[in-house]
Amino acid sequence: MKKVLALLLVVAMVCGAFIPAFAATDAELAAEAQLQELGILNDDRADDSLTRAEMVVLLSRMLGEEAAAKDFPVAPSFADATGHWAANYIAWAESMAYVNGIEEPEGSGTFVFEPDSVVTLQQYQAVLLRALGYEVAYADVPAKALELGLVVTAADPTNLKRGETSILTVAALETEMADGSQTLAAKLGMVADLAIVSAEQTDKDEFTVTFNQAVTEGTFSVLRGKVNTSVEEVTFDGAAATVTMQREIRKDFDYKITFGTLEATVAGQESEVSAIEFPYDYANLESYAAATHAVVYYEVKDQFGNDVTDESSVQGNLNFYSIGTPDRSVKGQITIMNTGSTWLLGMPIVVNAVYNDTKGNVVTATKTFEIAGPIKLSELVLGDVQNIGDKDDQQILKDKTSAAGVSTDAQKKDYFWAIPVTALNQYGDAVPKTYFTALSNVVSESGVDTLWYADKDGNVYLKLDKFASPSDSVDETVNTTAFVTVVDTNSGLNATTTFDIPKAGISDLKVMGPVDEVIGNEKAEFEFEAYDAYGNAITEYDTIIKDDVKVNGTSVLEGSYTQGQWSFVEEVLTGNALLKYYANSNTSSYASPQYATFTINNKVSQVSFSVAKDRQTEAIMGFDADDADELVYVIGTYGSTEYTFDKADFVFVDQYGKEKTNSITDGMTLEFQKDGETATTASVVLAGINPLTTAESVKYTARIRNADGDMVDEFEFDVKYVAQEDVDSVKVTEIGTLYVVPQATSAASTETAIYDKKVKLTAEVDGDTAVMPTEGLNLTVTALGGNVKVNDTIYVYAWDPTGDAGELDNDKTYTRTVLTAYDFDGKPVTEAQEVTIDSTEPKAESVVVKLDEDLENAELEGNVLAIAKANLAATVNLLTVDNDSFFFELENQYGVHDAADASYVYLTVDKYATGAHGTYSVTTAGVLTATSPQSGDEFSITVVTDSGLTNTLKVEVK
């Protein structure tokens, strides 16, 4: 069944509420006709009852499963349905779990179907809910059906008529499936192609578009003439969508609204006065003492129903006429002054209002009022404080309020804290907002003042002020309990509301200890959770440091800290706070227990941990290359060729298992001893080896000694000398991809030098990698067809891959076969490999912060560098890899660290030291100049690459 449900929207509009009747209602007949159009019903029987057997047939037709149900091959489990004309339909519905049967007798566990019994309202609602995918207990069916709109006012809920079931069936087709994906009609293919039914302007900055079916998402674009105008927000509500523009809609322009492939055109309108309304039938005396003054209230509305009374353009074209002298100095009310005598109660008075904007728009209103006594409140209620601004936040905090003296929509846009006021006069009518304008008898205490009465969406609010402004005397670091009392002096009626205004920032802090011990003389990060007064998580560094969090009675520091101290450190890239502890040095073998008590806002959080012994180099793991215990050295007549091994060739480990290359604990020494010789410190040089006089293998011992000269660990290894003829194979370094600057010259230039690749030879001897000097090996590299060159220091580079100088195609790659020829022990060796030559412009693929491990008095944690001011005494190139200070490392697609891949570098000063401070600057090329740096100075350096990457380093001068 693929018929289109074209009239569902029309049917839904007349299916609101129905009164019981013996004859079918118009709504029932319309729904029945619609189901006949769809092939779900075959005849006009709206007044007839529906049996349970007919119900399952109707269900199968609605779901497009009648053929399958009619020929269902399995018999129903219900004994009373066997042999029934609808047995197959009942079995189908049972298999799909649309029907469960009726337990008879109750509690027996035996179920019957009762196919010829009439359907009840609850039974049919249950079947429809199951068809929509909802799993609801039978007792909960009425509530769920009401929630989804599957309701009808049935003449007899225990005997549902076919017309009533038609209304429910149509409603079910328009209801979303339980998974929220689509309506049942859409799932069954009954929905017509989406179309715009109407489009109209419904406010000064708003269009409403109505579709022929429900729409839940999509993108609108709006053209004013040929100019695209910005849409601020779209709200979908069933088949209608409200399109709110960023700017007010202009008159005399056609606006073309586009939604996908659908279009509609609306003629723009500007707000124009369309009505002047007088909401009350009486004119109140201002007071009995001022009985010559009677007040009449009015409202001016535009064509969209907006209250435009307060707009100056409206007031300038508005006039009132009456006996006496009308005073309209207060917007929204007219004070009619009877200069001759007092007004008499019950006396009629006629007021004429005329609006004329001189553009042809004239609006008039006339009303007769009865003079009444002064307004006296009969009811005054103050609601709970709420935010009537744009932020969806009902939680008052002192840093979440609008500024004092709020007067514009922009100022009160986000946070506009106010107390809703409900007030009725002696006649039971709501008091107009202008009554409150003159009401000054408002009492407030505990640092809260009322600023003014505000009207929003036709309701009256009392605006709160003073606690919002940092310039006020209110202490924002403490909680405040406030109250506001409103007194009506005419009646003596009063109302009071009391509320809490929590302080800004942290109200609770929970610190969790690290899983392992903190190592002495090192910094550790502690997990913590910070919450505001409402339990919302606070992570921002700037917010957290506003509060004086104390640990063991001492304030947690901000940013910098030394041993034994705690600090909140800003994570530069996120702006979040990290809680760090700098452990004291511990030279003892025993862990030192530590306890810390954090306090904030009378809340306490405790953490305990231990400070373990400082890191000490404990062992030599072996050579850097695969922890080998043997150094293989190829000997030969290489003249002055030499090889030096020292601590840079070894991996060391501390007592916590951390490995480190080229570094042992301060105060320790590393020595090497050759068998039968005196130990030497620092390094051993193998030079000018003569294969005729050198032993095949020599044993060495490397030892670590502490400051007292005691041995900490030793490592024995062999230096094995291998003759050239014993080498199994020699390989040339894989060249891979070579980059050449477009239109490069035929010789290596400074422009391409960093993209040259050094070619090395690697020897393999019995599976071991051998150290193999290359001097004297007569290495040459050529490419078939040229274009790859080698210089005297065995660096390979590319130039002019096209073969025609100056005609290199940009962003193109070329493949060349490179032959590497070299003499080894008088034997010529030739090796071929494929090399890619690429002219694509290098672009940084990563930019990271690096720090030379040997740089003293400098420590990098994340992207925060604490560095001694002495290290900043000279200019520093931040982008130079070989720099002996800190730097940014940019790596491009060629694996090259190229400073040229940075578009620019900039510096911002975060904080200067108190008193004398340094000055800092950085060039776009990344050269930092620090003049007279001072401890306490802080600045940030940001690198931006031409590929759009960025990274920031925060520098703290110690």
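As the structure is a prediction and not an experimental result, all values here were calculated from the model. (Residues numbered from 1 in each chain as written. Predicted model: local features only at pLDDT ≥ 70, side-chain atom pairs only at ≥ 80, totals over all residues. Heavy atoms only, no water.)

### A few points about helix H3 (residues 52-62)
Most of H3 is tucked away: eleven of the eleven residues are buried. Listing the buried residues of H3 in full gives Arg52, Ala53, Glu54, Met55, Val56, Val57, Leu58, Leu59, Ser60, Arg61 and Met62. Of the surrounding elements, those touching the buried residues of H3 are helix H4 (66-70), helix H5 (87-95), strand E1 (102-103), helix H6 (121-131), helix H8 (162-173) and helix H9 (184-187). Positive backbone phi, approximately 70°, marks glycine 64, located one or two places after H3. (Buried < 20%, exposed > 50% of the residue type's maximum accessible area, 1.4 Å probe, protein only. Helix = DSSP H or I, 4+ residues; strand = E, 2+ residues; numbered from the N terminus. Contact = heavy atoms within 4.5 Å.)

### Topic: the sheet that holds strand E49 (residues 729-732)
If you trace the eight strands from one edge of the open sheet to the other, you get E45-E44-E47-E48-E40-E53-E52-E49, paired in mixed fashion. Every other strand in the sheet has two partners, leaving strand E45 (680-681) and E49 as the edge strands with one partner each. Two elements, E49 and strand E52 (residues 761-765), share four bridges in a ladder whose sense is antiparallel. Opposite valine 730, over in E52, you have alanine 763 as the bridge partner. (Pairing = 2+ DSSP bridges.)

### Comments concerning the pattern of salt bridges
Tallied over the full model, the rule gives 21 salt bridges. Note that arginine 162 is salt-bridged to glutamate 54, the shortest N-O span being 3.9 Å. In this pair, arginine 162 is assigned in helix H8 and glutamate 54 in helix H3, connecting sequence segments 108 residues apart. Comparing arginine 162 with glutamate 54 shows no difference in burial state: the two are buried. For the salt bridge of glutamate 671 with arginine 703, the shortest nitrogen-to-oxygen distance reads 3.5 Å. (Salt bridge = Lys/Arg side-chain N within 4 Å of Asp/Glu carboxyl O.)

### Describing a negative patch on the surface
On the surface, a cluster of negative charge is contributed by Asp629, Glu696, Glu725, Asp726, Asp728, Asp766 and Asp768. If you trace the backbone, aspartate 768 turns up in strand E53 (residues 768-771). Judged by its relative accessible area of 31%, aspartate 768 is partly exposed. (Patch = residues over 30% accessible without salt bridge, like charges linked within 9 Å, V, L, I, M, F, W, Y side chains within 5 Å. Areas by Shrake-Rupley, 256 points an atom, 1.4 Å probe, with all protein chains shown as cover. Lys, Arg positive; Asp, Glu negative; His and termini not counted. Charge placed at Lys NZ, Arg CZ, Asp CG, Glu CD.)

### Section: the sheet that holds strand E42 (residues 650-654)
Read from one edge of the open sheet, three strands run E39-E42-E43, paired in antiparallel fashion. This sheet does not close on itself; its edge strands, each paired only once, are strand E39 (617-623) and strand E43 (659-661). Across the sheet, the mean angle from the axis of one strand to that of its neighbour is 30°, orientation sign disregarded. Examined bridge by bridge, E39 and E42 share five bridges and lie antiparallel to one another. Its bridge partner lying in E42, threonine 617 is registered against aspartate 654. (Axes fitted to C-alpha atoms, helices over the stretch in contact; angles between N-to-C directions.)

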